[in-house]
Amino acid sequence: MSHHPASHRLEEVALKEGDAEAVAHVASCELCAAYVQRLQEGARAFAADPAMDAAEFVRQVAARKRVFASGASRLYRLVWIGAPAAIAAAILLFVRAPRSVHDVRDGTSARLTTPPSADVPPAAPERQSYGSLPETRFKGGVQLAAVIEHGGQQERVTREVRARRGDRLRIEVSIDQGQRAIVAGVLEKNGTWTPLLSAALLDAGTHFSEQAARFDDKPTDGWVLAGAPEDVERARRTREFLGVAVLPILASP
Amino acid sequence: MSGQLTSAEVEGLYRRYGFYLRRRCGLILRDTALVDDAMQEAFVRVYKHGTLVRSMERPLKWLARVVDRCAFDQLRRGKHSQMAQPIDGLTDTVGVHPAVSLELRDGVLTLLQSLDEKDRQIAMMAFVDGMTQAEIAAEMGYSRVTINKKVQSIRDRAERLLEARA
């Protein structure tokens, strides 16, 4: 569609943080150079506008943040519960009582049914995608949804997941067509990776995570990631979530 | 270092990227009050992701996606009402991306409210950001064929809308 760099790359050039290719393009393209110049002029006008005062904006944001936050800073952690995931139908039902509390760290496979070794509770999985998930097959990559149980009620969510103490969750991974190698897990904001779905070749259709998870007293914000193993690995490393399905986890009181 | 950003860090981000993000939000919402609300909500979310933001050399694109989500939320909440400001009244001194048609961009922005969230994102990428279909496919996790169909569908709807207005 375009041989011009996308707008965010031109904006980065305007900010003097553009990549070399974009910078070179702007240097040789009058249209893009003019666009960048207009961006810079707009940014200068914005900076000089008293109504756009950054300190005042941050005060407003901080006030809003206080309204929505309850109590002190919340550290949320997720505790894995044992939950054999052999039968797809059974996966729809959450296991009521955790069989184990298990620390699942990066590089280790999630073995939720193993006896408790829990020295450190792992992060809870949660997943969100850019929009609603179809109930059946669909075209276009990997789709995610989370089924979360709170107070005995189950809710399927396809947007951001509000993680509350004691909530249990599973995820759904839907594949549009063919077979795809998929891995899924939770990336905590502190970098901890907790696998939910070990690398597997999945057929088209909807699949459920191998494990259920339960948020303990202090869940953390994070993301559920799913996609091809190399894409997920890149996303974990760079925090650039391009090419992977993402469900943000937002800790709630 | 804390997982949350400090107020000074957030202020720094707003000083540096605020214009670009607010402009984007304005294109989607076209209402100052809604833009104010969405921007505040976006930065509330940004606060929480200090570790992530600090790890990024160029956070603009990530910030833009956060703003998109918050602006789309506003669109969804306000679905019962028409946009306060018609697209013709949009004041954007920067103008369109060099690869994008002004008329088509404005047509797409007008119908943005009627799209689902995925198509909104695709519409923004294709008709506001000037991203290639390959870039959109990579970011959204769709095949290029699917993106081509969706972009064409959005384009057709926008063109029909523009024709009806003419």
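Residues numbered from 1 in each chain as written. Chains lettered and ligands numbered in written order. Predicted model: local features only at pLDDT ≥ 70, side-chain atom pairs only at ≥ 80, totals over all residues.

A.B. asks: Where do I start with the overall build of chain B in this structure?
C.D. replies: From N to C terminus, chain B includes eight helices and zero strands. Ordered by position in the sequence, the α and β elements of chain B form the string α-α-α-α-α-α-α-α. Burial analysis of chain B (166 residues in total) assigns 50% to the buried set. A separation threshold of at least 6 residues defines the contact pool for chain B, and within that pool the share at least 24 residues apart is 68%. (Helix = DSSP H or I, 4+ residues; strand = E, 2+ residues; numbered from the N terminus. Buried ≥ 20, exposed ≤ 12 C-beta atoms within 10 Å, placed from the backbone. Contact = placed C-beta atoms within 7 Å.)

A.B. asks: Is there a simple way to explain the interface of chain B and chain A in this structure?
C.D. replies: Interfaces are often sized by the accessible area lost when the parts come together. Across the boundary between the two partners, chain B contributes 49 residues, which contact 45 residues of chain A. At the level of elements, helix 1 (7-29), helix 2 (32-48), helix 3 (50-55), helix 4 (60-77), helix 6 (117-127) and helix 7 (133-140) of chain B are the ones that each hand at least two residues to the side of chain B that touches chain A. In terms of residues, the side of chain B that touches chain A owes the most to one element, helix 1 of chain B, which gives ten residues. In terms of residue class, the side of chain B that touches chain A is made up of 19 nonpolar, 17 polar and 13 charged. (Nonpolar A, V, L, I, M, F, W, Y, C, P; charged D, E, K, R; others polar.)

A.B. asks: Teacher, can you tell me more about the packing of helix 1 (residues 7-14) of chain A against helix 3 (residues 30-48) of chain A here?
C.D. replies: Angle between the axes and distance between the axes: these two values describe a pair of packed helices. Residues and elements named next belong to chain A. Close contact between helix 1 and helix 3 brings their axes to 9 Å; oriented N to C, the two are set at 65°. You can see that helix 1 and helix 3 cross each other, and the crossing is right-handed. Between helix 1, through Leu10, Glu11, Val13 and Ala14, and helix 3, the contact on the second element is made entirely by Cys32, Tyr35, Val36, Leu39, Gln40 and Ala43. Residue composition of the contact of helix 1 with helix 3, by class: eight nonpolar, one polar and one charged. (Axes fitted to C-alpha atoms, helices over the stretch in contact; angles between N-to-C directions. Left-handed = near helix turned anticlockwise from the far one by under 90°.)

A.B. asks: Sorry if this is basic, but what is going on with the pairing of strand 2 (residues 142-150) of chain A here?
C.D. replies: For a regular strand, the rule is simple: side chains alternate between the two faces of the sheet. Residue and element names in this part refer to chain A. Judged by how many residues are buried, strand 2 sits mostly within the fold: seven of nine residues are covered. The pairing of strand 2 with strand 5 (residues 168-188) spans eight bridges and is classified as antiparallel. Counted as the bridge partner of Ala146 is Ile171 from strand 5. Relative to strand 3 (residues 153-157), strand 2 runs antiparallel, the two sharing five bridges. Its bridge partner being in strand 3, Ala146 is matched across the sheet by Val157. A loop of two residues connects strand 2 with strand 3, the two strands running antiparallel in sequence, and Gly151 in this loop sits at a positive phi of about 60°. (Pairing = 2+ DSSP bridges.)

A.B. asks: I would appreciate a short explanation of unusual backbone geometry in the present structure.
C.D. replies: Among all residues except glycine, the phi angle is most often negative; among peptide bonds, the trans geometry is most common. The backbone of Lys16(A) sits at a positive phi, close to 65°, despite the residue not being glycine. With respect to the secondary-structure elements, Lys16(A) resides in the loop between helix 1 and helix 2 (20-28).

A.B. asks: Would you mind showing me how to read the nonpolar core here?
C.D. replies: The tendency in soluble globular proteins is for nonpolar side chains to be buried as a group. One finds Ala38(B), Val46(B) and Val67(B) to be the most contacted residues of the largest nonpolar core, which totals 68 residues. Beyond its immediate chain neighbours, meaning those up to four positions away, Val67(B) contacts Leu21(B), Arg24(B), Cys25(B), Ala38(B), Met39(B) and Ala42(B). By size, the runner-up hydrophobic cluster in this structure holds 35 residues, among which are Val147(A), Val157(A), Leu196(A) and Ala213(A). (Core = buried A, V, L, I, M, F, W, Y, C linked by C-beta atoms within 7 Å.)

A.B. asks: Sorry if this is basic, but what is going on with helix 6 (residues 229-238) of chain A here?
C.D. replies: The α-helix winds at 3.6 residues per turn, so residues separated by three or four positions along the chain end up facing the same way. Residue and element names in this part refer to chain A. For helix 6, the full list of buried residues reads Asp231, Val232 and Ala235. Looking down the long axis of helix 6, one finds its buried residues gathered within 95° of arc, a one-sided arrangement. Away from the buried face of helix 6 by more than 90 degrees, exposed residues Glu230, Arg237 and Thr238 are located. Elements that come into contact with the buried residues of helix 6 comprise strand 5 and strand 8 (222-227). Directly beyond the C-terminal end of helix 6, a positive phi value near 65° is found at Arg239. (Arc of directions from axis to C-beta.)

A.B. asks: Before we go on, may I ask you to explain the confidence of the model for chain B in this structure?
C.D. replies: Any residue range with low pLDDT should be treated as having predicted coordinates unsuitable for detailed reading. All names here are of chain B. Considering every residue of chain B, the mean pLDDT works out to 87; 90% of them sit at 70 or more. Looking across chain B, the model is least confident in helix 3, with a mean pLDDT of 82, and most confident in helix 1, with 95. A low-confidence stretch, residues 80-84 (pLDDT under 50), is modelled with five contacts involving residues beyond four sequence positions or located in other chains. Taken together, the chains of this predicted complex give a pTM of 0.57 and an interface ipTM of 0.92. (pLDDT = per-residue confidence, 0-100.)

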